[in-house]
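The residues making up each chain are set out below.
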Amino acid sequence: MEKTAFTATFTGMMSAFLIWAAHFAAVYGINGLICAREWDGVELYGHPVAVVLILGATAIALLLAAGVLAAALWGAAPGRRTSEDPRRFIRLFTALAAAGSLVAILWNGLPALQVPACG
């Protein structure tokens, strides 16, 4: 019987949380960079640069978290090669974490899009 390494399984289980954390850091990093460089009036594609960058980061994070959710629901989640009971728990945990991360990413991204970067 093959066993998946603990670190790979644990990283897979935490992948949705890592995506959310990276998105959180990106949103506030973008706002901080724009304020520090005084790029508040700069536009990109006809919109403030902060809105374009945060919208892009949010879209990428949502796609990644949705991918983790889809992988967990269709059985490609970590823990695929372990015994039956742990695999079921790992898939359920990963799916719930991905669903929660989708909501958290929206909660982080939408207010950042509505409020000016340096407001």
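Attention here is on the structure that accompanies the text. Just so it is clear, the model here is predicted, and its values are computed rather than measured. (Residues numbered from 1 in each chain as written. Predicted model: local features only at pLDDT ≥ 70, side-chain atom pairs only at ≥ 80, totals over all residues. Heavy atoms only, no water.)

**Details of the side chain of Ser101**
(1) Moving on: Along the chain, Ser101 turns up in helix α3 (residues 84–114).
(2) Moving on: Apart from the residues lying within four places of it in its own chain, the contact partners of Ser101 are Ala16, Phe17 and Trp20. (Helix = DSSP H or I, 4+ residues; strand = E, 2+ residues; numbered from the N terminus. Contact = heavy atoms within 4.5 Å.)

**Comments concerning a nonpolar patch on the surface**
(1) Moving on: On the surface, a cluster of nonpolar side chains totalling about 300 Å² of accessible area is made up of Trp20, Phe24 and Tyr28.
(2) Moving on: Topologically, Phe24 is positioned in helix α1 (residues 6–36). (Patch = residues over 30% accessible without salt bridge, like charges linked within 9 Å, V, L, I, M, F, W, Y side chains within 5 Å. Areas by Shrake-Rupley, 256 points an atom, 1.4 Å probe, with all protein chains shown as cover. Salt bridge = Lys/Arg side-chain N within 4 Å of Asp/Glu carboxyl O.)

**Comments concerning the state of the cysteines**
(1) Moving on: With the rule as written, the count across this model stands at 1 disulfide.
(2) Moving on: Cys35 shares a disulfide with Cys118; S-S distance 2.1 Å. Looking down the S-S bond of the Cys35 and Cys118 bridge, the torsion is -130 degrees, so its handedness is left-handed. Here Cys35 is found in helix α1, whereas its partner Cys118 is found in the segment after α3, with 83 residues between them in sequence.
(3) Moving on: Since its relative accessible area comes to 29%, Cys35 is described here as partly exposed. (Disulfide = S-S within 2.5 Å. Buried < 20%, exposed > 50% of the residue type's maximum accessible area, 1.4 Å probe, protein only.)

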